[in-house]
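Structural overview
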Amino acid sequence: MLQSMAERISVEQVAHVARLSRLRLTGEELERFASQMAAVLDHAADVASLDLEQVLPTSHPLPLVNVLRADQPGPTLSQQEVLAAAPEAVDGRFSVPSILAEAP
Amino acid sequence: MTTAADIAGSVRSGQCSAVDVATAHLDRIDQLDRSLHCFLSVDRSGALGEAELVDRAVAAGRDPGPLAGVPVALKDNLCTRGTPTTCASRILDGWVPPYDATVVELLRRAGAVVVGKTNMDEFAMGSSTEHSAFGPTCNPHDPSRVPGGSSGGSAAAVASGMAALALGSDTGGSIRQPAALCGVVGLKPTYGMVSRYGLVAFASSLDQIGPFATSVADAALMLEVIAGHDPRDSTSIPSSPAAVLARLSDGVQGVRVGVVDELVEGASAEVVSAVSSAAEALAKAGASVESTRIPACRLGLSAYYLLAPAEASSNLARYDGVRYGLRVDGPDVEAMNVATRTAGFGDEVKRRIMLGTFALSSGYYDAYYGQAQKARTVVLDAFAAAYERFDLLLGATAPTTAFPLGDRTADPMSMYLSDVFTIPSNLAGHPAVSVPWTTGGDGLPVAVQLLGPALAEPLVLRAASVVEASAPGVPPPCGDFLPSDGTRSALPRQAVGSGSDGLPREGPA
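Attention here is on the structure that accompanies the text. All values derive from a computational prediction rather than experimental measurement.

Here we take up the pattern of salt bridges. Residues and elements named next belong to chain B. Taken as a whole and judged by the stated rule, the model has 30 salt bridges over all chains. Between R247 and D250 there is a salt bridge whose closest N-O contact spans 2.6 Å. A salt bridge links E265 to R298; the shortest N-O distance between them is 2.8 Å. Here E265 is found in the loop between strand 7 (256–260) and helix 8 (269–284), whereas its partner R298 is found in the loop between strand 8 (288–292) and helix 9 (300–315), with 33 residues between them in sequence.

Attention shifts here to the side chain of K75 of chain B. Residues and elements named next belong to chain B. Assignment of secondary structure puts K75 in strand 2 (residues 71–75). No salt bridge forms around the buried K75; measuring N to O, its nearest opposite-charge neighbour D121 is 7.3 Å away. Setting aside residues no more than four positions away along its own chain, K75 makes contact with K117, T118, M120, A124, S150, S151, S154, L167, G168, S169 and S174.

With that settled, consider unusual backbone geometry. Between G149 of chain B and S150 of chain B the backbone carries a cis peptide bond, its omega angle lying at 10°. With respect to the secondary-structure elements, S150 of chain B resides in the loop between strand 3 (113–118) and helix 5 (152–159). Although it is not a glycine, D91 of chain A sits at a positive phi angle of roughly 50°. Turning to its location among the elements, D91 of chain A is positioned in the loop between strand 1 (89–90) and strand 2 (93–94). The class for D91 of chain A is exposed, based on a relative accessible area of 71%. Despite not being glycine, T129 of chain B has its phi angle at roughly 65°, a positive value. Tracing the chain through its elements places T129 of chain B in the loop between strand 3 and helix 5. The class of T129 of chain B is buried, set by a relative accessible area of 0%.

Quite often, the size of an interface is put as the accessible area lost when its parts meet. Across the contact, 65 residues belong to chain B and 52 residues belong to chain A. Between chain B and chain A, a total of about 5100 Å² is buried, with carbon and sulfur atoms accounting for 68% of that surface. Of all residues in chain B, M354, Q371 and K374 of chain B give up the largest surface area on contact with chain A, accounting jointly for 13% of the area buried on that side. Put simply, chain B and chain A have 4 salt bridges between them. Of the charged contacts in the structure, one is a salt bridge between R32 of chain A and D347 of chain B, with a shortest N-O distance of 3.0 Å. Joining chain B to chain A, the criterion identifies 22 residue pairs in polar contact (both at pLDDT 80 or more). Every element with two or more residues in the side of chain B that touches chain A is listed here: helix 9, helix 10 (333–344), helix 11 (347–360), helix 12 (366–389), helix 13 (412–416) and helix 14 (423–428) of chain B. Here the element with the most residues in the side of chain B that touches chain A is helix 12 of chain B; it accounts for 11 residues.

Turning next to the sheet that holds strand 8 of chain B. All names here are of chain B. Strand order in the open sheet made by the 11 strands is 1-3-2-4-6-5-10-11-9-7-8, with mixed pairing throughout. Looking along the sheet, the strands with just one partner apiece sit at the ends: strand 1 (39–42) and strand 8. Ignoring strand direction, the axes of neighbouring strands in this sheet form an average angle of 25°. Examined bridge by bridge, strand 10 (residues 432–439) and strand 11 (residues 445–451) share 7 bridges and lie antiparallel to one another. Bridge pairing in strand 11 places P436 opposite A447. On the sheet, helix 4 (residues 102–109) packs against strand 2, strand 3, strand 4 (165–169) and strand 6 (209–213) and is oriented at approximately 180° with respect to strand 2.

Further remarks concern the nonpolar core. Residues and elements named next belong to chain B. By size, the foremost hydrophobic cluster in this structure holds 185 residues, and its most contacted members are L107, F123, L282 and L394. Here the element with the most residues in this core is helix 12; it accounts for 11 residues. Discounting residues that sit within four places of it in the chain, L394 has contacts with V257, G258, V259, V260, V275, A278, A279, L282, V448, Q449 and L450.

Attention now goes to the packing of aromatic side chains. Residue and element names in this part refer to chain B. Under the counting rule described, the total for this entry stands at 13 aromatic pairs over all chains. An angle of 65° between the planes, with centres 6.1 Å apart, marks the rings of Y319 and Y324 as edge-to-face. The ring of F403 is capped by R408, whose NZ or CZ atom sits 3.8 Å from the centre of that ring.

What follows concerns helix 3 (residues 27–43) of chain A. In this model, helix 3 of chain A (17 residues) spans 25 Å end to end at C-alpha, consistent with the 24 Å of a helix rising 1.5 Å per residue. Of the residues making up helix 3 of chain A, those classed as buried are E29, L30, F33, A34, Q36, M37, A38, V40 and L41 of chain A.

To describe two helices that pack against each other, one gives the angle between their axes and the distance between the axes. All names here are of chain B. As a packed pair, helix 8 and helix 15 (residues 457–470) sit with axes 9 Å apart at the nearest point and diverge in direction by 110°. On the basis of the axis angle, helix 8 is roughly perpendicular to helix 15. Contacts between helix 8 and helix 15 involve A278, A281 and L282 from the first element and A463, V466, V467 and S470 from the second. Looking at the contact of helix 8 with helix 15 residue by residue, the class counts come to 6 nonpolar, 1 polar and no charged.

Procedures and definitions
Residues numbered from 1 in each chain as written. Chains lettered and ligands numbered in written order. Predicted model: local features only at pLDDT ≥ 70, side-chain atom pairs only at ≥ 80, totals over all residues. Heavy atoms only, no water. Salt bridge = Lys/Arg side-chain N within 4 Å of Asp/Glu carboxyl O. Helix = DSSP H or I, 4+ residues; strand = E, 2+ residues; numbered from the N terminus. Buried < 20%, exposed > 50% of the residue type's maximum accessible area, 1.4 Å probe, protein only. Lys, Arg positive; Asp, Glu negative; His and termini not counted. Contact = heavy atoms within 4.5 Å. Buried area = accessible area lost by both parts, 1.4 Å probe. Polar contact = N/O pair within 3.5 Å; in protein donor to acceptor, adjacent residues only side chain to side chain. Pairing = 2+ DSSP bridges. Axes fitted to C-alpha atoms, helices over the stretch in contact; angles between N-to-C directions. Core = buried A, V, L, I, M, F, W, Y, C linked by side-chain atoms within 4.5 Å. Phe/Tyr/Trp six-rings, centres within 6.5 Å; stacked < 30°, edge-to-face > 60°. Lys NZ or Arg CZ within 6 Å of the ring centre and 35° of its normal. Expected span 1.5 Å × (residues − 1). Parallel < 35°, antiparallel > 145°, perpendicular 65-115°, else oblique. Nonpolar A, V, L, I, M, F, W, Y, C, P; charged D, E, K, R; others polar.

This is the structure in structure tokens:
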């Protein structure tokens, strides 16, 4: 684990992460973001290198669990109000470009 | 400077009209905001309409509420029904929310008048308000310098008298740091104390809404209005919040205060000196004050810059060009998603989304995200141990006074270091307040920070009151940002130290 810490994030890794993030970067942006992200990850090495084997993770500062309300219907936004914000809506639905390519 | 409490008192008693108060503040925005750029939108007719309702309530003998006629500014990541909410991002440019955030409903119910939505770092990611897609905000004490961030517009609007109160959001210091740099009071309440319903999410386990004010009492007044359980926010604390205002002048006799080395070290000399003076003031008021160490605080910055981007990468996945906001067309849906996000997000948001995606990705999850979550436990445990010995902790809010615009934008790590003293409270979910202490040699505000355990707002603000009363104080901005057409006399001109060299500056285009 520690060995992977010592490696700097590469331009190829940043390109991979950009693809996962649905972002397109230019060659210049890839180089610049790679060096900036490496600086942040270098700083994070103090956390990454600690021995915290016995420590439980904290995902949330409050001890609240299973917050549920009664299953009673109440007023909601209308379909019209919600679709009014959409870039494109057709027949009461959100509309998007084709999801699957045309069959060959 | 007129306080919010004074305004509400005068309006409720019929001594002055809410419409007049709103008009005066809207005129001031017209006059000053060309230079400072605190606001992304100003709703003049909406504000005057709300003010008129307040005046009608007073005339009819009904109580318009504790914030009657008080002009408030809202950070532009708080949803306002019918008026744009942009998060200072192109990706939400033109979006009009169909609902109000809970805090906005509560403010209106209390008689407050919303004058406008304030500038911020895009999606609250930044410490200088320079990452706004619509141009930076200037610090009213020196327009060549940043107001801090991410809630820089709210801080500068209150500091320059364009609003009596403002709301911001604080994920890693985004209320307290700009409050410090602009010379106003800024409070981050306990996580869960204020509903996040209608706050556009950045890092959901860290985000918290809180007030900006020109006095501790005004911050307490606003907190009492916005605090409380909200069934629409599942992380909202179910119990009723304790009264704050009623206990505000109870003093700090016998209160144990720890001055935390790690929350001062590395700060500039004038910041260090302010913390020492505030510690002396608390001791003089009867608190027992001693120096202490919480080494785990040093882990805060690293853990935060893994956890917050990780949560952000997940929260910001919703901006896909389908349901709201910007869409940039493409031949298929994925190409449309990519084109939309690439055009809609600025560099800092892209960096954080990618950092977070990396920290969560297969092969790195345990080493980065998992490890940072464990470091968060270490910080929480260290605070818990400290609060066995102390009731409150004292430190600096920001390591330096306001830095020049453009100074840190090329080096994200140097920008992130602005939050080194504020982040630990977000990780712990604890309340903390920044209180102006004085102006430094360069004429810029210097502040101190008081921290307490969860739900300790009453004690934190009592101590803040003591600090405020003992502080030399920060005079209002000298007004060098005003256009040189004779309107300058509208602001009281006060000497703010020999080094003040605020240059007149053209407003952003």
